[in-house]
Each structure stands twice: as C-alpha cells, then as structure tokens.
Amino acid sequence: MKGTLTQVRTYERSVQLLMANQFTINLGFYMLMPYLAAHLSGTLGLAGWVVGLVLGVRNFSQQGMFLVGGTLADRFGYKPLIVAGCVLRTVGFAALGLVDSLAALIAASAATGLAGALFNPAVRAYLAADAGERRVEAFALFNVFYQAGILLGPLVGMVLTGVDFRITCLVAAGIFAVLSVVQIRALPTRRAEDPVSKADKDRDGVLTQWRGILANRPFLLFSGAMIGSYVLSFQVYLALPLEVRRVGGDGEFGTAAVAALFAVSGLSTIVGQTRVTAWCKARYEPGQALAGGLAAMGLAFVPLLLATALPVPESGAGLWLLAAVPPTLAALLLAVGTMIAYPFEMDTIVRLSGDRLVATHYGLYNTICGIGITFGNLLTGVALDAAREAGMPALPWISLCLLGFACAAALYGLYRTGRLATPLADPRPVAA
C-alpha cells in the first residue's frame, strides 16, 4: 500500500482528491447498503415485496439516470455534478435512517440512486482528463481505492449497525456531508474540454448528441462485449455465496466462507492491481489485455465446474474444503480478470469517444452494462434453479465459462479489426 500511495502522489492534486473521494464514497455506501434490507424487513417489518421495491427503486434510478448524469456533467462541468451527487446522497442516507413511511423510503432510495448517477460519470471523466497520458495507470490506482472502500465499508457498518441502524445511516450521511464540503473547497473546477465550439454545442441539442453517440458503432459493440465482465464479476455476490451455502450450509461456517470471498476479492485487488496493470501494459495492446481479462474471468468458474465431479462429504473437513475452496478460487480469478481489464476498459471508453462528451459516453456505458447485469443475473438465477431441479450442478458453471470466453472472443475480434484502436473524431450523425 505504501508503494500505491507513492504513485498517487505523482499525480495532480485533483486526481489525488478524486481517488480519495471514491474510497470515501464506497466506504459510506457499503457501510449502509448491505444492512438496509434487514432494517426494512426486521426493524420496520415491511413485507418482502416492499423491501424488493425499495431496493429496486435505488438500482433503477441509478442505472436509468447514468446517461442523464453524464450529459449534465459534459454540459455544466464535472465538479458541480460530483458535489450535487454527494449532497443528494447525504440527504438520501439520512432519510433512510429517519423515515418509516413507504413513500418517504422510496423517495430516499431514489435519491441515493440518482446521486450515484450524477457523480459516477463525472468522476471518471474528470479523472481521465486530468490523468492525461497516464490514464491507464490512474484507473488502476482508482480501482485500488474503489476496492478498499468496498472492503472496509461493511466492517464499519457491521459495528455501527450492531448498535443501531439509524446510527449507521447518520454516520454514512455525515461522511457524504463532509465529502461535499471538501470537494466544494478543494476540488478544482473543471469543464469538459470539448473540441466542439460553444455555437456547435448550443446548436446540438441533447437528443442530437445522444443520437450521435448511438451512431458510434465501435463504442456500442465494445459496450455490448463488456457486459459479460460485469455479469461475471457480480457472481461474487450471487452465484458464489449461493454455492457456498448449498454445499456447506447456512451456519457459521457458511457465513465465514462467504466473508472470505469478499476479502479475497478486495485484498487481491488492493495488493496486486498496479503490478498487474504495469505487467500487462508492458506486454500487450489494450485490446489484447481486455480479451485476456475476460478469458481469465471465464476460467474463474472452472474450479467450480471441476468440483461438481467430486462426491460431497456428509460432514467434516472435506465438506468445508469443498464448500469454500472452489468458490474462493473463483473469486480470486474473477478479481485477477477484473484487474487485467478494468484500467484498459476505462481508457478505451475515452478513446472511442474521441475525447468528446466523455462523461456522456461513460453514462451510456454504465446504463448498457447495468441493463446487462439485470438480465444476466436473471438468467444466472434460472440456470441455478434448473441445475438443482435437473440434478445438473455443472450447468451454471459451464454457462458462465462460455459467457466469459464468448465475450473475450468478441473483444479480440474488435481489436483485430481495429475497432478498439481508432476513435471517432466526431460521433455526431452526418447531416443528410
């Protein structure tokens, strides 16, 4: 970690602050969100469908508004949207701990989601702009801070929630309030550096700009190919914990083994991200690294596939090993694949945008991948249920392996045909 901090200090102050901001954002978010469902169903006594509605509204408001958030950032500058998102999340998190009516809970949940849609594209576009030629390395460091927040947040939240969930909400809200003040005072104001003149920008309405981005075929093909990486990485939260509990049960061992999945994923990224990025950048083109990352994520499910050929012991150390080791190896390989791909992924979005409307491109990219995650998780759930009913435990792991390899092949095809290397100078549609 000392070496990571040394590298961070070589960047401009704005980049350093954006990385610290992302750690704090994730710390506050993951301090609260893992325990929200239990609060809604337990403390407030809401029905399961209501809990699902409240959580679904948050996800929908974030994924559905990413494009709008990115567009606003390109129009009005990155800093105002980052600050607005943090202020809105301050209000939303405080409300989640203080209100108990359904309407207020839905409004608070929507506010927390919209907040993420406002600051996420702006943060990434700002980081890409100020990192300059060192974009890939900057995004590698960014991912270290990102994962550190994810790793530490639930631990802090567990301690606070053990006292009272409302305290967790208020502390998380306080973190975002402090973050808002720090950014207002310390984050330099930066507008998107768009080569299009103000007259052109005024002439080109939002819908025209969106149509232009939708005409950027290489960007859309890249976005579609990258959906698999998000579906696969999300299995750390879905398929892998379910597999641990399917084999090892729901007792203390299952809880500890699931916690180990998250610890392995987060710690490996914190320790290895910058080394993996440096190694890949020295040897591979960005498109090759992206394809390699997706292939590694496909291979992550091979240990689980092989484990289905082994008999399941009734109890003892053998059962524990079978329940914990294959999912943990899968989590580690997923983390490695993400480490390989993520910095080049973020850099490729900038290049395919032609350095124009970068935040809007990030916003649309996040929306596309968010929709993909929703359908991917639905299909994964169907595969898990079908595997149980048909007595075919290998089915979901074969499907996920094939998804990783198919996306890797698609990315390699885009690289070989030059679609990842040639940015479009102006993605607006040509007038007839």
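Scoring rules and cut-offs
- Residues numbered from 1 in each chain as written.
- Predicted model: local features only at pLDDT ≥ 70, side-chain atom pairs only at ≥ 80, totals over all residues.
- Heavy atoms only, no water.
- Helix = DSSP H or I, 4+ residues; strand = E, 2+ residues; numbered from the N terminus.
- Contact = heavy atoms within 4.5 Å.
- pLDDT = per-residue confidence, 0-100.
- Expected span 1.5 Å × (residues − 1).
- Buried < 20%, exposed > 50% of the residue type's maximum accessible area, 1.4 Å probe, protein only.
- Core = buried A, V, L, I, M, F, W, Y, C linked by side-chain atoms within 4.5 Å.
- Patch = residues over 30% accessible without salt bridge, like charges linked within 9 Å, V, L, I, M, F, W, Y side chains within 5 Å.
- Areas by Shrake-Rupley, 256 points an atom, 1.4 Å probe, with all protein chains shown as cover.
- Salt bridge = Lys/Arg side-chain N within 4 Å of Asp/Glu carboxyl O.
- Phe/Tyr/Trp six-rings, centres within 6.5 Å; stacked < 30°, edge-to-face > 60°.

### Section: the side chain of Asn 377
Looking at where Asn 377 falls in the secondary structure, it is placed in helix H17 (residues 358–390). With sequence-adjacent residues up to four places away left out, Asn 377 is seen in contact with Phe 234, Gln 235 and Leu 238.

### A look at the confidence of the model for the protein
Per-chain confidence: the protein averages 88 in pLDDT, with 93% of residues scoring 70 or above. Highest mean pLDDT in the protein belongs to helix H14 (residues 286–299) (97); lowest belongs to helix H9 (residues 198–203) (48). Predicted confidence is poor over residues 424–432, with pLDDT under 50, and the contacts of this stretch with residues over four places away or in other chains come to 23 contacts.

### Thoughts on H14
Taking 1.5 Å of rise per residue, 14 residues should cover 20 Å, and H14 covers 20 Å from first to last C-alpha, within 8% of that figure. When H14 is considered as a whole, its buried residues turn out to be Gly 287, Ala 289, Leu 290, Ala 291, Gly 293, Leu 294, Ala 296, Met 297 and Gly 298.

### Brief notes about the nonpolar core
Met 19, Leu 32, Phe 93, Phe 222 and Tyr 362 are the most contacted members of the largest nonpolar core, which has 87 residues in total. Residue contributions to this core peak at 12 residues, all from helix H6 (residues 102–131). Counting residues in hydrophobic clusters, the runner-up holds 20 residues, among them Val 244, Ala 324, Leu 400 and Cys 401.

### Quick look at unusual backbone geometry
With a phi angle near 60°, Asp 355 is a residue other than glycine that sits in the positive phi range. Looking at the secondary structure, you find Asp 355 in the loop between helix H16 (317–353) and H17. A relative accessible area of 44% places Asp 355 in the partly exposed class.

### Brief notes about a nonpolar patch on the surface
Taken together, the side chains of Leu 299, Ile 398, Leu 402 and Phe 405 define a hydrophobic patch exposed on the protein surface, amounting to about 360 Å² of accessible area. Judged by its relative accessible area of 45%, Leu 299 falls in the partly exposed class.

### Side note on the packing of aromatic side chains
If you walk through the whole model with that rule in mind, you get 14 aromatic pairs. Where Phe 139 meets Tyr 342, the ring centres are 6.5 Å apart and the plane angle is 85°; that geometry is what we call edge-to-face. With Phe 139 in helix H7 (residues 135–163) and Tyr 342 in helix H16, the pair connects residues that are 203 residues apart, well separated along the chain. On the accessibility criterion, Phe 139 (0% relative accessible area) is buried. With centroids separated by 6.2 Å and ring planes inclined at 10°, the aromatic side chains of Phe 301 and Trp 397 adopt a geometry described as stacked. Highlighted residues: Phe 301 in the loop between H14 and helix H15 (302–307) and Trp 397 in helix H18 (residues 395–416), separated in sequence by 96 residues. You'll find Phe 301 and Trp 397 in the same group, each marked buried.

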